[in-house]
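# Understanding the architecture of this molecule
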Amino acid sequence: MFAIKDKVALVTGAASGIGLYYVKELFRNGLRAATIADIDSVRGDQAIKEISQEFGSNKAIFVKTDVTVQKDVEDQTLSLKV
């Protein structure tokens with residue numbers, strides 16, 4: 001098993017369902033921050049509200065991303081290097 005404490009994660013498909021569950025589980029295990037990448041802006045905004053209520057504000061951001069579009073994925077990957 002790897003240590004997740006104080007790490008930052010980019011999770012695709014995390015605006016709802018198993019992706020959102022996974023992000024919350026990572027926070028429960030010490031994740032410092034997350035980027036939620038999903039195509040659904042409405043659910044993405046709701047996911048950020050849920051995470052803020054459960055784990056504190058400024059823990060996660062939402063970015064609209066379509067993983068079937070290569071440029072979207074490249075842009076998100078590059079943003080992690082900044």
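Residues numbered from 1 in each chain as written. Predicted model: local features only at pLDDT ≥ 70, side-chain atom pairs only at ≥ 80, totals over all residues. Heavy atoms only, no water.

Enumeration over the complete set of coordinates arrives at six salt bridges. With its nearest N and O atoms 2.6 Å apart, the salt bridge here joins Glu 50 to Lys 24. Here the residue Glu 50 occupies a position in helix α2 (residues 41–55), and Lys 24 occupies one in helix α1 (residues 17–28), the gap between them amounting to 26 residues. Residue Lys 24 is classed as buried on the basis of its relative accessible area of 11%. The partner of Arg 28 in a salt bridge is Glu 25, and the shortest N-O contact between them spans 3.2 Å. (Salt bridge = Lys/Arg side-chain N within 4 Å of Asp/Glu carboxyl O. Helix = DSSP H or I, 4+ residues; strand = E, 2+ residues; numbered from the N terminus. Buried < 20%, exposed > 50% of the residue type's maximum accessible area, 1.4 Å probe, protein only.)

For the rest of this paragraph, the subject is the pairing of strand β3 (residues 60–64). Note: strand β2 (residues 33–38) against β3, five bridges, orientation parallel. Within the sheet, the bridge partner assigned to Ala 34 lies in β3 and is Ala 60. In this region the chain leaves β2, passes through α2 and returns to the parallel neighbour β3; the handedness of that crossover is right-handed. (Pairing = 2+ DSSP bridges. Right-handed = clockwise from strand over helix to strand, strands pointing away.)

Here the focus is the pairing of strand β1 (residues 8–12). Across the two faces of β1 the burial differs, with Ala 9 and Val 11 buried and Val 8, Leu 10 and Thr 12 not buried at all. Bridge count for β1 against β2 is five bridges, and the pairing is parallel. Residue pairing for β2: Val 11 is matched across the bridge by Ile 36. As for the winding sense of the linkage, the β-α-β connection from β1 through α1 to β2 is right-handed.

This part covers the sheet that holds β1. Pairing within the open sheet is parallel, and its three strands lie in the order β1-β2-β3. The sheet terminates laterally at β1 and β3, the two strands that pair on one side only. Neighbour to neighbour, the strand axes of the sheet diverge by 20° on average, direction disregarded. Against the sheet, α1 touches β1, β2 and β3, its axis set at about 170° to β1. Along the sheet, α2 makes contact with β2 and β3, crossing β3 at roughly 175°. (Axes fitted to C-alpha atoms, helices over the stretch in contact; angles between N-to-C directions. Contact = heavy atoms within 4.5 Å.)

These results come straight from atomic positions and should not be treated as a statement about function.
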